[in-house]
Amino acid sequence: MRNQILLYLTMASIFSFNGYSQKAKIAVADKKYESYAYIDAIKTYEKVAEKGYKSVDMFQKLGNSYYFNSDLNKAAKWYGELFTMTLDLEPEYYYRYAQSLKSIGENNKANEMMEKFHQKAGNDNRANLFEKDKNYLDIIKANSGRYKVEDAGINSKYSDYGSSFYKNKLVFASARDTGSLGQRKHKWSNQYFTNLYTADLSDDMKASKIDKFSKIINSKFHEATPVFTKDGKTMYFTRNNYLDGKKGKDGKKITLIKIYKASYENNKWVNVTELPFDSDQYSTAHPALSPDEKTMYFAADMPGTLGQSDLFKVQLNEDGSFGTPENLGKTINTEGKETFPFVSDENELYFASDGHPGLGGLDIFVSKINPDGTFGEVQNVGDGVNSPKDDFAYLIDTKSRRGFFTSNRDGGQGYDDIYKFLETRKLKCEQVLNGNVADLGTKQILPDTKISLFDNEFKLINTTVSDLSGNYTFNVECGKTYNVRAEKQDYTTKEQRITIEKTNGKTNLDISLEKAKCQVAIGDDLGKCFGIKMIYFDLDKSNIRQEAALDLEKILDVLKQNPTMKLDIRSHTDSRQTFKYNENLSDKRAKSTINWLITNGIDPSRLTGKGYGETQLVNKCADGVQCTEEEHQQNRRSEFIITSL
């Protein structure tokens, strides 16, 4: 992705060099590098390197120059030279080297660099994501094979990228306009500035008849990534900081990029204005609209950015004003680059990132936008659309499942090329949890068994009953962990934990229930009789644990089935802390347990309780006796003694 409009950080450093002749040449190259003239800087650096001159600083800048122009193959070469000279480098170089290695297929070595990046970078989200999913290549593989990809038929030998639907046309950016005397090359990439073009689209998304978009919109600087309202009367687009013939610059005299708005009146685009949250001091780019057109998503490096560029959203008010931009947060953004957002009419956010685990360079990812504005799991859309190089600017028509994206992958016609695709299978992983309920001893099927599905934190999701054949089913999410609880009269309640497969299909969980073996009597511990675990508490606390609440529901169920039963709740602590402290703590725990049962429908007159502190230990762990944490926890318990039936 050499010529696309991205957001960049300024890099500057001062170093000393040996050799007067080389110092002079490198000094010239450094000036070009520091003014973002990377292509010119590369020419000088490489000539010096070919003569055998080696420098940590020079190899850093050579690698960076290619990396920032998305020529990851050559970036890998020069970062490799850098790492042969020294390992005492900033963490970011380990990350860039890893990304570059992926582009040439050296994934094992890339993973080694990511391990070292994780060690050096501390709490960097990119490192944490790698550590969390070290099998990310397997996950990407599972998401692959879903696209038929081909050249869009509109590419030139120059940079063509980014696209948007507008009526029955595709609008995209291209650097192909080289004939005008006013056309200039960008020092960063040595490519011509881009203008917007249109192409007619057939029903199967075949593009043809390419024309320039609008003389009013196109300028002598970059224009790119437009988005249009459904009525076709308003467009937002990215352009260099240039309006009404005036070029804006930041404090370092660099012309950044902004999002502009235009309206369609009398068959032409007019009233080009910058958005109120634009600034000369930072960049905003790549606008995208939510399906209801009430929210704009965009990329920026404005204050509050977590990485090199983040995704933000801003409210579009009915009066035409804008709200305050909000960062999308760490679910989406990393310390790397997140850019080129697109929101489908299915409320899915597609975006490009080099911070989430991918195949190399920028990959395309997707996350579901929840009704409350939060985001679901970020997923790599898989090979085919993604490659070891930069892949970005994803656009899809959800009805036909056809769309476009941009890539600088091998085999293209220009520096960036637009590809069209047909999605043959949705990314959403669909799983069914099913099973059979039977008697443990006789193997007889057990219809009408109540089955409850809880999430990983024991929050109830759904309930059902087994059918006449003892079968049950739940629709569940791939890769999630659930707790399944089975209840039937005259049987001991049972819970089982299950992790769902990460591929489409079914996960089976059969449940065998054991007949209740004991008859309760006054003085019995209800927990022991019915196989209910003791209710444990955290050290020094009296609040009910989430997993303890699941066990308390068993007590609750027994009390509801036996409306005349009464219980005495007896709470105990371990021997740590003082006698008085433990007495108070255990009393609080007993009351906490009683209050939970009352809150869930049990008459207070059926419950009594007391805290016994450390007076009734179940093991040797008295004062002054060394014990393990597990042994101490055995004493932190509640008992449920039946006082009346």
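Because the structure is predicted, anything quoted here is derived from the model rather than measured. (Residues numbered from 1 in each chain as written. Predicted model: local features only at pLDDT ≥ 70, side-chain atom pairs only at ≥ 80, totals over all residues. Heavy atoms only, no water.)

K.L.:
Would you take a moment to explain the packing of aromatic side chains for this structure?
P.N.:
For any two aromatic rings, the description comes down to two numbers: the centre-to-centre distance and the angle of the planes. With the rule as written, the count across this model stands at 33 aromatic pairs. Residues Y147 and Y394 carry aromatic rings whose centres are separated by 6.4 Å and whose planes lie at 80° to one another, so their mutual orientation is edge-to-face. Linking Y147 in strand β1 (residues 147-151) with Y394 in strand β22 (residues 391-397), this pair joins segments that are 247 residues apart in sequence. Ring centres 5.8 Å apart and planes at 75° place the aromatic pair F277 and F322 in the edge-to-face group. Separated by 45 residues along the polypeptide, F277 in the loop between β13 (268-274) and β14 (284-289) and F322 in the loop between β16 (310-315) and β17 (326-327) bring together distant segments of the chain. The ring of Y93 is capped by R96, whose NZ or CZ atom sits 5.4 Å from the centre of that ring. We note R409 situated over the ring of Y419; from NZ or CZ to the ring centre the distance is 5.3 Å. (Phe/Tyr/Trp six-rings, centres within 6.5 Å; stacked < 30°, edge-to-face > 60°. Helix = DSSP H or I, 4+ residues; strand = E, 2+ residues; numbered from the N terminus. Lys NZ or Arg CZ within 6 Å of the ring centre and 35° of its normal.)

K.L.:
Got a minute to help me understand the sheet that holds strand β35 (residues 637-644) in this structure?
P.N.:
By definition, the strands of a sheet pair up through backbone hydrogen bonds, in either a parallel or an antiparallel sense. With mixed pairing, the three strands of this open sheet are ordered in space as β34-β33-β35. Either end of the sheet is taken by a strand with one partner, and the two such strands are β34 (607-611) and β35. The mean inter-strand angle of the sheet, taken between neighbouring strand axes irrespective of direction, is 20°. As defined by bridge partners, strand β33 (residues 566-572) adjoins β35 across seven bridges and the pair is classed as antiparallel. Opposite K566, over in β35, you have S644 as the bridge partner. Those strands touched by helix α11 (residues 579-599) are β33, β34 and β35, and its axis lies near 160° from that of β34. (Pairing = 2+ DSSP bridges. Axes fitted to C-alpha atoms, helices over the stretch in contact; angles between N-to-C directions. Contact = heavy atoms within 4.5 Å.)

K.L.:
Explain the sheet that holds β1 to me, please; I cannot follow it from the model alone.
P.N.:
An order of β1-β24-β23-β22 is seen for the four strands of this open sheet, with the pairing classed as antiparallel. Here the strands that pair on one side only, and so sit at the sheet edges, are β1 and β22. Direction aside, neighbouring strands of the sheet carry axes that sit 25° apart on average.

K.L.:
Help me understand the side chain of N408, please; the structure alone is not making it clear to me.
P.N.:
Within the secondary structure, N408 is located in the loop between β23 (402-407) and β24 (417-423). Reaching out from N408, the side chain makes a polar contact with the backbone nitrogen of D390 at a distance of 2.8 Å. (Polar contact = N/O pair within 3.5 Å; in protein donor to acceptor, adjacent residues only side chain to side chain.)

K.L.:
Help me understand the nonpolar core, please; the structure alone is not making it clear to me.
P.N.:
Counting residues in hydrophobic clusters, the biggest one holds 34 residues, and the most contacted among them are M58, Y79, L82, F83 and M113. When contributions to this core are tallied by element, the ones reaching two or more residues are α2 (38-50), α3 (56-68), α4 (72-85), α5 (91-103), α6 (107-121), α7 (125-132) and α8 (136-142). Leaving out residues up to four positions away in the same chain, L82 has contacts with V56, F59, Q60, L89 and Y93. Formed by 25 residues, the second largest nonpolar core is a distinct cluster that contains Y197, A199, L201 and L395. (Core = buried A, V, L, I, M, F, W, Y, C linked by side-chain atoms within 4.5 Å. Buried < 20%, exposed > 50% of the residue type's maximum accessible area, 1.4 Å probe, protein only.)

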